[in-house]
There are 2 protein chains.
Amino acid sequence: MIRTGFPDFGPTLEEVGEQGVIEAIVSAAPSAINGDDAAVFTPAAPNSRVVASTDMLVGGRHFSPEYSTPFHVGKKAVVQNYADIEAMGARPIAALLAISAPPSMPVAVIEELARGVGEMTDAWSSELVGGDVTSGKELVISVTAIGSLGGNLDALRLDRARPGQRVVAHGKLGYSAAGLALLQSGKEIPERFEPLVHAHQCPEITPGRGVVARSAGATAMTDNSDGLIKDFGTMARRSEVGIDLSSVALSPDRLLVEAGHFLDVDPWEWVLCGGEDHTLIGTCDRSAPVGFRSIGTVTRQPGVRIDGDEPKYTGGWESFG
Amino acid sequence: MIRTGFPDFGPTLEEVGEQGVIEAIVSAAPSAINGDDAAVFTPAAPNSRVVASTDMLVGGRHFSPEYSTPFHVGKKAVVQNYADIEAMGARPIAALLAISAPPSMPVAVIEELARGVGEMTDAWSSELVGGDVTSGKELVISVTAIGSLGGNLDALRLDRARPGQRVVAHGKLGYSAAGLALLQSGKEIPERFEPLVHAHQCPEITPGRGVVARSAGATAMTDNSDGLIKDFGTMARRSEVGIDLSSVALSPDRLLVEAGHFLDVDPWEWVLCGGEDHTLIGTCDRSAPVGFRSIGTVTRQPGVRIDGDEPKYTGGWESFG
């Protein structure tokens, strides 16, 4: 079933006040270390390094009541931040959540959003450890993820792809873009396309894949957030290498092909330019880590290619586009 | 000299694009560990714990071109977050900066803001290690501060005030509120009141005071962000104690008294209800730590008092008020 829409009932943020909003969030995503000026946490592994990343989501731009629910938005805000931590080969241990929202917004929206946040912090055995709430003209959510990088292996970096390496990916590619296209089409969406819509509303990534990849000899990694060709382009440029992807490995699956027919769109555009799958993509010396598949090789020739040629589509997300 | 106003010239965010905006920020506040999916950093002290806090600032609500410059806003965003880290007795080591801004905004605004951020991260020998930029209807800034809590002493917590302890403070009280009142009055501000205006535009706190207080036997600490009586009220409630402040110790200084005459306001209101000084306030067993002064005692009788009586003013900041 496809669910969309934000609650429009019950007391507003203004009516319950700052303390009421904080209580709604904390009861939806409880943590024993929340509630002081700052959260204190002890990384589980001794001698571990700390990893941190932040992302901001703006209502109407990154999400919309037409296409998702506050629960989805809360989940997605955590997933996209935790994907950045996983892409370093680290384990997410905590999230901080800052929210700016109109005083007239029902507190039920923030409550549902916090339940989404709590569901995902739980999935990683991590906690929502702090945050801030304030009023503003539009709903803006900022999540900061903290991770722990145990052991002595290097972090998985954008500049660590080396010629001759295997290029690998874990998870779906193009599903989120296809789901958004279906939602934006205004057509009634056939039930079989629900996995695509769900992937847009909240991409699912498997906790711990980044740690597995790092243990298994991956050296470079990122997540597919702005578009596959664009993200591999960043990796290639930063590593001063080329990336040659395989059209067979990337070939749209049956669901993407069918959705392409349904909307009269070439599904390759979703695969190559669609971001927000937050699929881990990287390079490794040996065979693909468990859960990853090979999708290409690292070359000496700069740029991103498919079977040695220019990709048919190269677009992607641009924040001020 | 009092400076206010945001730049309204030069290329816009839309014109330089996401990459251009990021380059402007990174060149204003450079860090060797910025630029990957997440920042990796190694706390300087072995076996240290990690501390994190986040705050969101919304244009028109937390700051305004009428009253400050982007440089002030950038500095203040860091100071108010680092004050939360200091209030745990920890050392700020890194900041993350997420910005949402209208595409039509000149990139010079963000550049100047990032210079303010860089000046303050520098002052603590810390770095701006990551962030996010996106477009939105209004300027929203979210800073997350990461700190390091070395050694085995407990963090300074809101719930650790104990009857019989001395109550201490480091820094000015009421200056920020007086400065805001002067700016809001619309009057021409006499030069002698500039320290008050500057305290509002960017409160100055001394790096390391929280660490000093923790070493010197402080147990509870917070910063004066929402209002002195309100913040001590939180500490008293969480610690299940009372706080009795001394009117002599809190008595408004000459500058506050003069500004009170100038605006026909009782300066005690600024001292007791004004937040945003980000002055460290806490409790300790022994004499006041270096740089702190005694301002009262911890009692068994719940609530916050002045010389044993109800405070004359008790208001403070409320996010959805």
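Just above sits the structure.
Counting starts from 1 at the beginning of each chain's written sequence and moves along it residue by residue. To label them, take the chains in the order written and letter them from A, then take the ligands in the order written and number them from 1. Given that this is a predicted model, residues contribute local features only at a pLDDT of at least 70 and side-chain atom pairs are listed and counted only at 80 or more, while totals for whole chains, interfaces and linings are drawn from all residues. Hydrogens and water are ignored here; the side-chain numbers use all heavy atoms of the structure.

Asker: Before we move on, can you summarise the packing of aromatic side chains with the specific residues and values?
Answerer: Between 30 and 60 degrees the pair is tilted, below 30 it is stacked and above 60 it is edge-to-face, where a pair is any two Phe, Tyr or Trp rings, Trp via its six-membered ring, whose centres lie within 6.5 Å. Enumeration according to the criterion identifies six aromatic pairs over all chains in this entry. Judged by centre distance (5.5 Å) and plane angle (55 degrees), the rings of A:Phe193 and A:Phe262 are tilted. Of this pair, A:Phe193 sits in the loop between α4 (175-185) and α5 (194-201) while A:Phe262 sits in helix α9 (residues 254-263); the two residues are 69 residues apart in sequence, bridging distant segments of the chain. Note on exposure labels: buried denotes an accessible area under 20% of the residue type's maximum, exposed denotes more than 50%, and partly exposed covers the range between, all computed with a 1.4 Å probe on protein chains only. Under the relative-accessibility criterion, A:Phe193 is labelled buried at 0%. Taking the centre distance of 5.2 Å and the plane angle of 85 degrees together, the rings of B:Tyr82 and B:Trp124 count as edge-to-face. Secondary structure elements follow DSSP: runs of H or I of four or more residues count as helices, runs of E of two or more count as strands, with numbering from the N terminus.

Asker: Account for the environment of A:Asp55, naming residues and giving values.
Answerer: When you line up the elements, A:Asp55 lands in strand β2 (residues 49-58). Classification of A:Asp55 by relative accessible area gives buried; the value is 13%. Each C-alpha atom, one on A:Asp55 and one on A:Arg237, is 23 Å from the other, the two residues being 182 residues apart in sequence. The residues touching A:Asp55, leaving out its near neighbours within four places in the chain, are A:Gln80, A:Asn81, A:Asp84, A:Ile141, A:Ser142, A:Val143 and B:Asp132. Polar contacts here mean pairs of N or O atoms no more than 3.5 Å apart (in protein, one a potential hydrogen donor and the other a potential acceptor; neighbouring residues in sequence count only if both atoms are side-chain atoms). For A:Asp55, the side chain forms a polar contact with the side chain of A:Gln80, separated by 3.4 Å. Every residue pair with non-hydrogen atoms within 4.5 Å of one another is taken to be in contact.

Asker: Go over the interface of chain A and chain B, please, and point to the residues and values.
Answerer: Opposite the 62 residues of chain A that make contact, chain B presents 62 residues. Carbon and sulfur atoms supply 55% of the area buried between chain A and chain B, which totals about 5,000 Å² over both sides. Summed over both partners, the accessible surface that disappears when two parts come together, traced with a 1.4 Å probe, is what is meant by buried area. Area buried by chain A at its contact with chain B is led by A:Asp37, A:Met56 and A:Phe320, which between them contribute 17% of it. The salt bridge definition used is simple: a Lys or Arg side-chain nitrogen within 4 Å of an Asp or Glu carboxyl oxygen. Scanning the region where chain A abuts chain B turns up four salt bridges. Measuring nitrogen to oxygen at the nearest pair gives 3.9 Å for the salt bridge that ties B:Glu138 to A:Lys137.

Asker: Lay out the nonpolar core in plain terms, naming residues and giving numbers.
Answerer: Counting 45 residues, the largest nonpolar core has B:Ile25, B:Leu97, B:Ile99, B:Ile110, B:Leu139 and B:Ile141 as the members making the most contacts within it. Those elements that provide at least two residues to this core are α1 (13-28), β2 (49-58), α2 (70-86), β3 (91-101), α3 (107-123), β4 (127-135) and β5 (140-149) of chain B. With sequence-adjacent residues up to four places away left out, B:Leu97 is seen in contact with A:Thr54, B:Ile25, B:Leu113, B:Val117, B:Leu128, B:Gly130, B:Gly131, B:Asp132, B:Ile141, B:Ser142 and B:Val143. Joining through side-chain atoms within 4.5 Å is the link that ties buried Ala, Val, Leu, Ile, Met, Phe, Trp, Tyr and Cys residues into a set, and such a set is a nonpolar core. Listed in part, the 44 residues of the second largest apolar core include A:Val73, A:Ile85, A:Met105 and A:Val117.

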